[in-house]
Amino acid sequence: MNADLVDQLLGEVNGEISVHMNQYLTWTCEDSPVDSGLQTVYAATMVRTLATCLLAGALLAPAAVTFHKDVLPVLQQQCQGCHRPGEIGPMPFLTYAQTRPWAKAIRDAVASRKMPPWFADPEYKGHFTNERSLTPKQLEILNAWVEAGAPEGNASDAPPPVRFATGWSIGKPDLIVEYPHELEIPATGTMDQGNMLIKVNFPKDVWVSAAEVRPGNARVVHHMKAWIRPPNSPWMKDAPEGEMYKPARAQFAPPEDGPSHGPRPVQDILAKYNPGVNAMEFTNSGAAKFIAAGSDIVFEIHYAPTGKPEKDRSRVGIIFAKDAPVQRYFTTTGINTTSFVIPAGATNHEVRAEAVLQTEAKLAWVQPHMHLRAKDYELIAHYPSGENQVLLKGKFDFNWQLGYEFAKPVVLPKGTRIESIAHYDNSGNNPWNPNPGIEVRYGPQTTDEMSVSFMGFIIGVQDDPLALFPRGRPRQIVE
Ligand code: HEC
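**Thoughts on the site of the ligand**
Working step 1: Near the ligand you find 20 residues, and of these Cys79, Cys82, Ala105, Met115 and Pro116 are the closest.
Working step 2: At four residues, the largest contribution of residues to the shell around the ligand is made by helix H5 (residues 103-111).
Working step 3: Across the shell around the ligand, the residue classes break down as 13 nonpolar, six polar and one charged.

**Considerations on the nonpolar core**
Working step 1: By size, the foremost hydrophobic cluster in this structure holds 78 residues, and its most contacted members are Val208, Leu270, Ile297, Val316 and Phe457.
Working step 2: Examining the composition of this core, we find that six residues originate from one element, strand E21 (residues 452-460), more than from any other.
Working step 3: In this structure, this core is formed jointly by two domains, domain 2 (67-157) and domain 3 (175-467), each of which donates at least three residues.
Working step 4: In terms of nonpolar packing, the next biggest core, distinct from the first, is built from 16 residues, Ala64, Leu75, Leu142 and Trp145 among them.

**Let's talk about the sheet that holds strand E14 (residues 349-356)**
Working step 1: Within the open sheet, the four strands sit side by side as E14-E19-E16-E17. Their pairing is antiparallel. The open sheet is flanked by E14 and strand E17 (388-395), the only strands paired with a single partner. Between one strand axis and the next, the sheet turns by 15° as a mean value, whatever way the strands run.
Working step 2: The sheet contact formed by strand E16 (residues 374-382) and strand E19 (residues 417-424) spans eight bridges and is antiparallel. The residue bridging leucine 379 from the neighbouring strand is serine 420, located in E19.

**With respect to the packing of H5 against helix H6 (residues 136-147)**
When two helices pack together, their arrangement is given by the angle between their axes and by how far apart the axes lie.
Working step 1: Interhelical geometry of H5 versus H6 gives an angle of 145° and a closest axis separation of 9 Å. Considering the relative orientation of H5 and H6, their crossing is left-handed. Judged by residue contacts, Ala103, Lys104, Ile106, Arg107 and Val110 of H5 engage Leu139, Leu142, Asn143 and Val146 from H6.
Working step 2: A breakdown of the residues in the contact of H5 with H6 according to their chemical character gives six nonpolar, one polar and two charged.

**Remarks on the environment of glutamine 98**
Working step 1: Within the secondary structure layout, glutamine 98 lies in helix H4 (residues 96-99).
Working step 2: When near neighbours in sequence (up to four residues on either side) are disregarded, glutamine 98 contacts Met91, Pro92 and Phe93.

**So, the pairing of E17**
Working step 1: Here E16 pairs with E17 via seven bridges, running antiparallel. From the neighbouring strand, leucine 379 faces E17, where its bridge partner is leucine 392.

**Here's the deal with the sheet that holds strand E9 (residues 296-303)**
Working step 1: Within the open sheet, the four strands sit side by side as E3-E9-E5-E6. Their pairing is antiparallel. In this open sheet, the two strands that pair with only one neighbour each are strand E3 (194-198) and strand E6 (268-273). With direction set aside, neighbouring strand axes in the sheet form an average angle of 20°.
Working step 2: With five bridges connecting them, strand E5 (residues 221-229) and E6 associate as antiparallel partners. What sits directly across from methionine 224, in E6, is tyrosine 273.

**Details of H6**
Working step 1: Along its 12 residues, H6 runs 16 Å from first to last C-alpha, staying within 8% of the 16 Å computed at 1.5 Å per residue.
Working step 2: Considered for burial, the residues of H6 that qualify are Leu142, Trp145 and Val146. Buried residues along H6 cover an arc of 100° about the axis, so they all sit on one side. Opposite its buried face, H6 presents the exposed residues Pro136 and Lys137, each directed more than 90 degrees away.
Working step 3: Where H6 is buried, its residues contact helix H3 (67-78) and H5.

**Some remarks on unusual backbone geometry**
Working step 1: Cis geometry is adopted by the peptide bond preceding proline 116, which originates at methionine 115 and carries an omega value of -15°.
Working step 2: Even without being glycine, alanine 150 reaches a positive phi, approximately 55°.
Working step 3: Its location among the elements puts alanine 150 in the loop between H6 and strand E1 (175-178).
Working step 4: Judged by the 21 C-beta atoms lying within 10 Å of it, alanine 150 falls in the buried class.

**What to know about the pairing of E5**
Working step 1: Along E5, eight of the nine residues are buried, which leaves the element largely enclosed by surrounding structure.
Working step 2: With eight bridges joining them, E5 and E9 adopt antiparallel strand pairing. Each residue of the ladder has a partner; that of lysine 225, found in E9, is glutamate 300.

**Side note on the confidence of the model for the protein**
Working step 1: Taken as a whole, the protein shows an average pLDDT of 85; of its residues, 81% reach a score of 70 or greater.
Working step 2: Below a pLDDT of 50 lies the segment residues 1-7, which in the model reaches 10 contacts outside its immediate sequence neighbourhood of four places, other chains included.
Working step 3: Below a pLDDT of 50 lies the segment residues 9-35, which in the model reaches 20 contacts outside its immediate sequence neighbourhood of four places, other chains included.

**Focus: the environment of alanine 148**
Working step 1: Following the sequence through the fold, alanine 148 ends up in the loop between H6 and E1.
Working step 2: Owing to 16 C-beta atoms within 10 Å, alanine 148 belongs among the partly exposed residues under this scheme.
Working step 3: C-alpha separation for the pair alanine 148 and valine 65, spaced 83 residues apart in sequence, amounts to 7.6 Å.

Reading guide: rules and limits
- Residues numbered from 1 in each chain as written.
- Predicted model: local features only at pLDDT ≥ 70, side-chain atom pairs only at ≥ 80, totals over all residues.
- Near = placed C-beta within 6 Å.
- Helix = DSSP H or I, 4+ residues; strand = E, 2+ residues; numbered from the N terminus.
- Nonpolar A, V, L, I, M, F, W, Y, C, P; charged D, E, K, R; others polar.
- Core = buried A, V, L, I, M, F, W, Y, C linked by C-beta atoms within 7 Å.
- Buried ≥ 20, exposed ≤ 12 C-beta atoms within 10 Å, placed from the backbone.
- Domains from an automatic or database assignment.
- Pairing = 2+ DSSP bridges.
- Axes fitted to C-alpha atoms, helices over the stretch in contact; angles between N-to-C directions.
- Left-handed = near helix turned anticlockwise from the far one by under 90°.
- Contact = placed C-beta atoms within 7 Å.
- Expected span 1.5 Å × (residues − 1).
- Arc of directions from axis to C-beta.
- pLDDT = per-residue confidence, 0-100.

Structure representation (structure tokens):
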């Protein structure tokens, strides 16, 4: 609604009221005989004036919402992060001409909360720093604009365009690790998951404040991770550098014994790229991620062929911590389960996974990961005191693998049982279900299922990340 117009109308109403009120008060205060007939006339005038103004306001309100003045600021803040050239939103919303054809789709997408993608229930508002939901006012602006026929308004009302970082959203990396050459991705077929070793051989210990995986070709990269491979790890030992490689042995080598002093080098997720996740910051509570001297990078890659031959050369950008960290950030498969069976046709099958923390840690980030049949997710901390706390609850949509960053990392004392509860719809009602007629078990393909919670923990600089969970459990898994 046009705020100037409203002010003007309200001003007129107030003016009228005060003139008549003064008149009335003068009479009563002076104890003059009050002419009730006159009072009625004045009162009626006031009511009429009010009604006229409100009516004018109501009639003018939708028309007063314009693209440049009201809608563009909302798009800048909530939508252009993805809806601009080179990002994942399929159409840009930078100009009126680009946005106008989508007006009704925008209204529907925000009303159904499909956009912007954010799935935590509203009661968790304010718990996460990367929250994307619209405020009621922003919703109202978009709605009023579309109702009014999506008027353009005056271009001089537009806020200046946002200067988005081109490429890296973490800022200019201190180090970029990329494939040594382009990979050819065939036009068709399911390309299995594969890994690529890059022998960085970090010359010294480093602490990392942020990291970001950027696909070279976002059309064909479905999701990927950059792992830190600690020195002397047997994992991918025989892999040729810079080639897709499927390790014959288990994905994850057993933990190495660490040096007796200093932070323990471990296999750690440096950064992930998923629809809705790419840049990761580790600076909450003065933390940073540790890369030991001699470490390498392993990309774990999932391509989705597009129907024509494609090429890709992806990379991970790293920003080094400016100051010595006071805590350590460690990313892991927090909890998961591989032993479940979802019956054919089940509409609300529940799968629970859990693990008990062996040392105190702070939970900074969680990314639920399931496949096509999953519909909701909940994460609960069962404290040793007997109390329970729901840390996150919301819908799950396979098309978005969102991570949730706790504004205040949650302190989980030793002995806390962390539990996830997910529900799956394996019936024909689920439009994403590739086959409602079969029972579904754990497996790496999208047509199989998973129930995983990737987690970012903050621990002491000298604490052992591998001591968080019982030795060997939970296993790190391939997404
Ligand atoms: C995190 C990235 C992201 C953000 C933020 C985002 N979008 Fe989208 N949007 C997408 C992607 C990707 C698609 C295409 C896939 C889909 O439809 O889910 C899409 C699709 C859409 C569509 C088409 C929906 C349909 O049903 O075909 C509309 C309309 C839309 N977005 C509007 C918005 C608006 C308005 C905002 C801000 C209030 C917004 N989006 C914020 C990524 C985003």
